[in-house]
Every structure is written in C-alpha cells, then in structure tokens.
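Examining the three-dimensional arrangement
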Amino acid sequence: MNIVEQEADRFFDRLYRNGKTNTLENLKSHITSKLYDFNRDRDKLDFLKIIRQKSAEDRDEHMKNCNGCGYDKERNIGIFAIDQEIDDINRFYTFEPKPEDEFSSEQESELHNKLNDILNKLEQQGFGQQIIFDEIEDLKNHFKLGKKNWFQLLKGKVVDLTLKKVLDKTIVQEIYNQLSEGFEQVVKMIEQ
C-alpha cells in the first residue's frame, strides 16, 4: 500500500465521523483541506477515487440492513463533493508519460507512416470500411499517451476490430506485428 492509499484509508475513517453535521459545505471543506497535502494532481485523483469507492461501498453495505436512518444521504453528499473535486482537477490535468516512455519525434513519424501504409494496404485488399479508417486515424492522435499506453490502446482497437468481425485475426496480427516492430520491449511489458 503506497502513501496515497494509506492517507485515503486514514482520511476515510475520519471523513464522516467529524462530530459535525455532514452537510455538503462541511464535507467539501474537509476534503478540500486534505487535498492540500498533495502536490501532484495524479496523487489527488488517486486519493479521491479511493475515498469515493470506499464511500459507495460503505453506503451500499449499510443499506442492506437499513431502515431509513439517513446514512445513505450523508454518503451521497460525500460522493457528490468528491465527484466535484475530481471534475475540478480533471479540467486542468494532462497526462504526461515518464520521459523514458515518451515517443521521440522520429518514432512518432515512423508509426504515422506505418499507419498510413496499413490503411493503403487494407484499402487495396477491399477493407475500406469507415470503422477501420476511424480507428487507425484515431491512433495517430494519441502518441502523447506514451509507448506503453499507446500500444495498449492499439491492442484494444485491433482486438475490437477482430471481435466485430471487421478484420480477420491474421490481418490484425500482421498489423500489430508491423506496428510493434522496433518496440519489442514495450510490447513485452504489456503482455506480461
């Protein structure tokens, strides 16, 4: 368990037991104050998602035997306050991969060219469906995800095309192999 998870556990135990009436104002103030302990938006988001999940689980567990005591109302107010904080952070949060996971300009250009080649080959083979074009074009816009996440996205897209029976499994494997050429280390990390 990392520091953020430990802090979330401790905070959740105190969040609804602060001795005050748990209004939106009080819960939001308590949550906002705690977020000042974290500098990174990623840590804040992880923290909030943990306490949100715990709040929902706690509410659902209590409601199994509840006779209308208002417990769920308090938890719903807490979840609402947490969701507002998550939305607020997400407005300004931009994912940045670790430096070693970033694509170089040369790698982006190479993959972009490979994607164009794949589109041309598929069209020549009679696979000119819009869904294929859209999925491959979409990949060109996501290099900022970093190598690992980009290849996971690629894998998901090609599996989806196979499941929808838009492309044959052998063609999908050929596409994946062509794009992953030169990125074997990243592909190994994904498949572990």
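Please refer to the structure placed before this passage.
Residues numbered from 1 in each chain as written. Predicted model: local features only at pLDDT ≥ 70, side-chain atom pairs only at ≥ 80, totals over all residues. Heavy atoms only, no water.

**A word on the side chain of glutamate 135**
Tracing the backbone shows glutamate 135 in helix α6 (residues 130-140). Setting aside chain neighbours within four positions, we find glutamate 135 in contact with Lys157 and Leu161. (Helix = DSSP H or I, 4+ residues; strand = E, 2+ residues; numbered from the N terminus. Contact = heavy atoms within 4.5 Å.)

**Focus: the pattern of salt bridges**
Within the structure shown, the criterion is met by 17 salt bridges. Taking the shortest distance from any N to any O, the salt bridge between lysine 140 and glutamate 137 comes out at 2.8 Å. With lysine 140 and glutamate 137 both in helix α6, this residue pair falls three residues apart, about one helical turn. On the basis of relative accessible area, lysine 140 is assigned to the buried category, the value being 12%. (Salt bridge = Lys/Arg side-chain N within 4 Å of Asp/Glu carboxyl O. Buried < 20%, exposed > 50% of the residue type's maximum accessible area, 1.4 Å probe, protein only.)

**Some thoughts on empty space enclosed by the protein**
Where empty space is left becomes clear once a probe the size of a water molecule has been rolled over the atoms. By the definition in use, this model includes one cavity of 30 Å³ or more. By volume, the largest cavity is sized at about 70 Å³. In terms of lining, the largest cavity is formed by Leu115, Ile118, Glu135, Ile136, Leu139, Leu154, Lys157, Val158, Leu161, Ile175 and Leu179. At the level of elements, α5 (105-124), α6, α7 (147-163) and α8 (169-180) are the ones that each hand at least two residues to the lining of the largest cavity. Looking at the lining of the largest cavity residue by residue, the class counts come to nine nonpolar, no polar and two charged. (1 Å grid on protein atoms, 1.4 Å probe; cavity = no way out; pocket = protein on both sides within 12 Å on 5 of 7 lines; lining within 4 Å. Points joined across faces, edges and corners; volume = space filled by probe spheres on them. Nonpolar A, V, L, I, M, F, W, Y, C, P; charged D, E, K, R; others polar.)

**Considering the nonpolar core**
In this structure, Leu122, Trp150, Leu154, Leu167, Ile175 and Leu179 are the most contacted members of the largest nonpolar core, which totals 24 residues. Contributions of two or more residues to this core are made by α5, α6, α7 and α8. Excluding anything up to four places from it in sequence, isoleucine 175 contacts Ile118, Leu122, Val158 and Leu167. Counting residues in hydrophobic clusters, the runner-up holds 18 residues, among them Val4, Phe12, Phe47 and Ile86. (Core = buried A, V, L, I, M, F, W, Y, C linked by side-chain atoms within 4.5 Å.)

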